[in-house]
Amino acid sequence: MPELPEVESARSTIEAAALHRRIVAVDDTDTYECRPHPPGEIAAALVGRSLTAAHRRGKSMWCDTSGVDGDDTPGPTLGIHLGMSGRILVTGPDGTLTEGGDWQGGRYGTGGEEPDRNPVWDRFTITYADGGTLRLFDKRRLGRVRLDPDLDRLGPDAETVGAQELAERVGRGTAPVKAKLLDQSVVAGVGNLLADETLWQAHLSPRRPVDQLRPDELVRLHEALHAATKAAIRNGGVHTGEVIEFRRAGAHCPRCGAEMTRATVGGRTTWWCPQEQV
């Protein structure tokens, strides 16, 4: 499932290639992806406008829109959620492709369309006056497009949250620390792989109750979260983490050589080093 780094690649794709281009048509006929809006409602709200900025908090992404025909009054907010395997594809006037989102099977920024891509999987499409498009490509049909999305339930973004705020939010209660990291109302953007990478870097057991974490361990957790998140953004996704390829049976910790341990924590399959993450 796309985590914060994958969503950031989609957001940066929109920022780099999709802004300030006048919208002339919108295909919002996928009633599941565009729920609760009926077909034509999103189109009516966007045609004649342009996207003016792309934002992200955690795994949630949204775009500001302009007024119509010189009107300075901003338009509605366009929320786009990638679901479990969504990607954003933007074509320029000359057909050049820029893309970002779920890394599995992706070819970010390769400059050409994949020949075997099924057009049915383009669940939402914006067409620009210059002939280019923005598409939400979503094989599994689990993404979401909606106007004026509610973002109030999200915690602070995992990439930018401060050390004190993270300690205050994560340290409440008795839940395992991994379960707390996965709670999007506590800190937004951490998924299963990023949580395992962060805890491995911080030398913390995913099963450790948060009320047992010392102040220095919470500082270490914050440093590891920022380092893991920024590295994943820089390197192309959470799959590039140092411990990710060792999350499998028979694999050994790349630091100390101990055989990795597997269990379910916070409802998710979890791997950690039993020697260093005690």
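All values reported here derive from a predicted model rather than from experimental measurement.

The rules behind each value
Residues numbered from 1 in each chain as written. Predicted model: local features only at pLDDT ≥ 70, side-chain atom pairs only at ≥ 80, totals over all residues. Heavy atoms only, no water. Pairing = 2+ DSSP bridges. Helix = DSSP H or I, 4+ residues; strand = E, 2+ residues; numbered from the N terminus. Buried < 20%, exposed > 50% of the residue type's maximum accessible area, 1.4 Å probe, protein only. Contact = heavy atoms within 4.5 Å. Polar contact = N/O pair within 3.5 Å; in protein donor to acceptor, adjacent residues only side chain to side chain. Patch = residues over 30% accessible without salt bridge, like charges linked within 9 Å, V, L, I, M, F, W, Y side chains within 5 Å. Areas by Shrake-Rupley, 256 points an atom, 1.4 Å probe, with all protein chains shown as cover. Salt bridge = Lys/Arg side-chain N within 4 Å of Asp/Glu carboxyl O. Axes fitted to C-alpha atoms, helices over the stretch in contact; angles between N-to-C directions.

A.B. asks: Describe the pairing of strand 4 (residues 78-81), naming the residues involved and giving the relevant values.
C.D. replies: In the sheet, strand 3 (residues 60-65) pairs with strand 4 via 3 bridges, with the strands oriented antiparallel. Bridge assignment links Cys63 to a residue of strand 4, and that residue is Leu78. Bridge count for strand 4 against strand 9 (residues 144-147) is 4 bridges, and the pairing is antiparallel. Within strand 9, the residue paired with Gly79 across the bridge is Arg146.

A.B. asks: Please give an account of the pairing of strand 6 (residues 97-101) that cites residues and values.
C.D. replies: Here strand 6 lies mainly inside the structure; 4 of its 5 residues are buried. With 5 bridges joining them, strand 5 (residues 87-91) and strand 6 adopt antiparallel strand pairing. From the neighbouring strand, Ile88 faces strand 6, where its bridge partner is Gly100. Count of turn residues in the strand 5/strand 6 antiparallel hairpin: 5 residues, of which Gly95 carries a positive phi of about 90 degrees.

A.B. asks: Can you lay out the environment of His81 for me, pointing to particular residues and giving the numbers?
C.D. replies: With respect to the element layout, His81 can be found in strand 4. On the basis of relative accessibility, which here comes to 28%, the residue His81 falls in the partly exposed class. His81 has contacts with Lys59, Ser60, Leu136, Gly143 and Arg144, leaving out every residue within four places of it along the chain. At 3.0 Å, the side chain of His81 and the backbone nitrogen of Gly83 are in polar contact.

A.B. asks: Could you give an account of a nonpolar patch on the surface, with specific residues and numbers?
C.D. replies: There is a patch of nonpolar side chains on the surface, built from Tyr32, Met84 and Leu142 and spanning about 230 Å² of accessible area. The class of Met84 is partly exposed, set by a relative accessible area of 30%.

A.B. asks: Any details on the environment of Asn118? Residues and values, ideally.
C.D. replies: Following the sequence through the fold, Asn118 ends up in the loop between strand 6 and strand 7 (122-128). Residue class for Asn118 comes out partly exposed when judged on its relative accessible area of 29%. For the pair formed by Asn118 and Ile244, sequence separation is 126 residues and the distance between their alpha carbons is 30 Å.

A.B. asks: Quick rundown of the sheet that holds strand 7? Include the residues and the values.
C.D. replies: In a beta sheet, neighbouring strands pair by backbone hydrogen bonds and run either parallel or antiparallel. Spatially, 1-7-8-5-6 is the arrangement adopted by the 5 strands of the open sheet, whose pairing is antiparallel. At either margin of the open sheet sits one strand with a lone partner, and together these are strand 1 (23-27) and strand 6. If you compare each strand with its neighbour and ignore which way they point, the axes differ by 15 degrees on average. Packing of helix 1 (residues 4-17) onto the sheet brings it into contact with strand 5, strand 6 and strand 8 (133-137), and relative to strand 6 it is tilted by some 150 degrees.

A.B. asks: Go over the pattern of salt bridges with me, naming the residues and quoting the values.
C.D. replies: In the structure shown here, the tally under the stated rule is 17 salt bridges. The partner of Asp30 in a salt bridge is Arg141, with the nearest N and O atoms 3.0 Å apart. Of this pair, Asp30 sits in the loop between strand 1 and helix 2 (41-46) while Arg141 sits in the loop between strand 8 and strand 9, and the two are 111 residues apart along the sequence. For Asp30, a relative accessible area of 12% gives the class buried. Take Arg141: its relative accessible area is 33%, and that puts it in the partly exposed class. The salt bridge involving Glu276 is made with Arg255; its shortest N-O contact spans 2.6 Å.

What is shown is where atoms sit, not what they do.
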